[in-house]
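# Structural features, examined
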Amino acid sequence: MSREWLPSRLSIIQAPMAGSQGVELCVAVCEAGGLGSIPSALLSPAILREQIAEIRARTPAPFNVNFFCHEPPGPDPDQHARWLERLAGAYAEAGLDPSAAGSGPGRAPFDAAMAEVVEATKPPVVSFHFGLPDAALLARVKAAGARIYSSATTVAEARWLEARGVDAVIAQGAEAGGHRGMFLSEDIADQPGLVALLPQVVDAVRVPVIAAGGIADGRGVAAAFALGARAAQIGTAYLLTPQATTTALHRAALREASDNATRLTNLFTGRPARGLVNRFMREHGPMNDAAPAFPLASGAVAPLRAYWENCGSGDYSPLWAGQAAALAREEDAGALTERLWREAKATLAALRLEP
């Protein structure tokens with residue numbers, strides 16, 4: 001059932017996954033009744049406009065556009081040099097020249113140009129990761145009529161978001177794949193799992209709470225509702241769908257995933273993110289103080305990633321995945337969305353609960 005804060009028919013939100021999805025996945029989820037999402041951190045304003053237009057041409061259903069809102073770091077040549085020194089052996093093994101390493105940002109935060117896109121296209125939902133943009137930019141999003149969500153990894157972050165007027169808080173447990181939404185702390189030890197975090201966030205704020213992290217089937221959705229969530233956000237379970245743009249190497253790794261196959265790492269971007277363990281993580285991390293600040297670390301890793309992927313290896317690729325990756329199935333994204341809701345309702349009915 002639609003709600004003022006959640007415009008989709010089902011209380012299932014497809015997590016935005018930059019690099020692993022495009023319009024196809026978003027549309028499939030929307031058509032099935034969930035809230036499909038588009039990640040924009042790797043897009044230009046022009047490309048985002050095109051994608052929003054394509055979504056609207058293919059479905060009348062509401063959708064979410066997601067933005068990062070980190071503070072871009074200034075250049076740090078010394079840090080970059082230390083990072084390259086740390087990676088010197090890997091460069092030598094691949095026969096690569098370290099001068100090929102980039103040092104610029106690979107992911108852009110929400111800015112005035114993206115605010116113009118929101119104003120022009122008026123997406124029904126706008127979500128943020130890493131806090132919120134500054135007050136002036138946030139006011140422009142609100143004036144455009146979008147419902148605003150943002151991720152919290154602690155109760156303190158949830159309260160901070162509510163105080164700034166979000167329509168819903170996404171409680172992101174430590175199990176979640178991809179980048180942590182943390183913004184008030186840099187300590188990953190501060191991050192509770194979803195079962196601990198979710199009820200505490202529900203108790204701490206008055207706005208609806210969306211559960212995220214380690215949810216990959218209807219049982220997980222039902223558990224989230226039992227703990228007070230009003231919706232569930234799911235990412236990794238969609239990575240094996242045909243509509244996702246997940247690479248063949250990433251898909252192969254997901255098929256072999258086990259319950260202990262992931263770690264939090266800052267090696268690929270400079271910010272903690274959960275992914276499947278590979279050679280790079282084993283040899284240099286998974287956390288390493290030499291990695292430059294987000295998102296600068298990615299520049300030096302990019303040539304290594306390209307070389308090894310060309311050799312058919314994901315040893316230096318960010319294989320983002322949550323702790324429930326082993327539950328992912330190769331299934332149509334629309335069918336998955338419907339199954340998640342159907343299983344959740346059946347589980348709750350067996351427990352005599354209702355979503």
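Notes on the structure in this doc start here. As the structure is a computational prediction, the values presented were derived from the model and not from experiment.

## Here's the deal with the packing of aromatic side chains
Tallying each qualifying case throughout the model produces 14 aromatic pairs. Relative to F128, the ring of F67 has its centre 6.1 Å away and its plane inclined at 35°; by these criteria the two rings are tilted. Of this pair, F67 sits in strand β3 (residues 63-68) while F128 sits in strand β4 (residues 125-129), and the two are 61 residues apart along the sequence. Per residue, the accessibility class of F67 equals that of F128, and both read buried. Through successive ring pairs, a cluster of aromatic residues spans F268, F280, Y307, W308, Y316 and W320. Across from the ring centre of F294, 5.8 Å away, lies the NZ or CZ of R271, which sits over that ring.

## Comments concerning the nonpolar core
The biggest cluster of nonpolar side chains holds 79 residues, and the ones touching the most others in it are L48, F67, F110, F128, V201 and Y238. Counting residues per element, this core draws most heavily on helix α1 (residues 23-31), at 7 residues. Those residues in contact with F128 that lie beyond four places of it in its chain are N66, F67, C69, F110, P133, L138, V141, I148, Y149, S150 and S151. Counting 21 residues, the second-largest nonpolar core is a separate cluster that includes L84, A291, L304 and Y316.

## Section: the sheet that holds strand β9 (residues 231-234)
The strand order across the open sheet formed by 8 strands is β1-β9-β8-β6-β5-β4-β3-β2, and the pairing between neighbours is parallel. Unpaired on one side and paired on the other, β1 (12-14) and β2 (36-39) mark the two borders of the sheet. For this sheet, the mean angle separating the axes of adjacent strands, direction not counted, is 25°. In this sheet, β4 lies alongside β3 in parallel orientation, the contact comprising 5 bridges.

## Section: the state of the cysteines
When the sulfur atoms of two cysteines share a covalent bond, that bond is a disulfide. Applying the stated criterion to the full structure yields 0 disulfides. Free of any disulfide, C26 has its nearest neighbouring cysteine sulfur in C30, separated by 4.1 Å. Judged by relative accessible area, which is 4%, C30 ranks as buried.

## Describing helix α7 (residues 155-163)
Among the residues of α7, those classed as buried are V155, E157, A158, L161 and E162. Viewed along the axis of α7, the buried residues span an arc of 160°, placing them on a single side of the element. Summarising the contacts, the buried residues of α7 are in contact with β5 (147-152), β6 (168-172) and α8 (194-204). G165 occupies a position one or two residues after α7 and carries a positive phi of about 90°.

## Some remarks on the side chain of R271
Position of R271 relative to the elements: it lies in the loop between β10 (262-265) and β11 (273-276). This buried residue, R271, is left without a salt bridge; E157 holds the nearest opposite charge, at 6.9 Å. Polar contacts involving the side chain of R271 include one to the main-chain carbonyl oxygen of M182, which spans 2.2 Å.

## Some words on the packing of helix α9 (residues 218-226) against helix α13 (residues 333-350)
In contact at an axis separation of 7 Å, α9 and α13 are set at 55° when each is read in the N-to-C sense. Put simply, α9 runs oblique to α13. Of the two elements, α9 crosses α13, and the hand of that crossing is right-handed. Residues G218, R219, V221, A222 and F225 of α9 lie in contact with α13, whose contacting residues are L340, W341, E343, A344, T347 and L348.

About the criteria used
- Residues numbered from 1 in each chain as written.
- Predicted model: local features only at pLDDT ≥ 70, side-chain atom pairs only at ≥ 80, totals over all residues.
- Heavy atoms only, no water.
- Phe/Tyr/Trp six-rings, centres within 6.5 Å; stacked < 30°, edge-to-face > 60°.
- Helix = DSSP H or I, 4+ residues; strand = E, 2+ residues; numbered from the N terminus.
- Buried < 20%, exposed > 50% of the residue type's maximum accessible area, 1.4 Å probe, protein only.
- Lys NZ or Arg CZ within 6 Å of the ring centre and 35° of its normal.
- Core = buried A, V, L, I, M, F, W, Y, C linked by side-chain atoms within 4.5 Å.
- Contact = heavy atoms within 4.5 Å.
- Pairing = 2+ DSSP bridges.
- Axes fitted to C-alpha atoms, helices over the stretch in contact; angles between N-to-C directions.
- Disulfide = S-S within 2.5 Å.
- Arc of directions from axis to C-beta.
- Lys, Arg positive; Asp, Glu negative; His and termini not counted.
- Salt bridge = Lys/Arg side-chain N within 4 Å of Asp/Glu carboxyl O.
- Polar contact = N/O pair within 3.5 Å; in protein donor to acceptor, adjacent residues only side chain to side chain.
- Parallel < 35°, antiparallel > 145°, perpendicular 65-115°, else oblique.
- Left-handed = near helix turned anticlockwise from the far one by under 90°.

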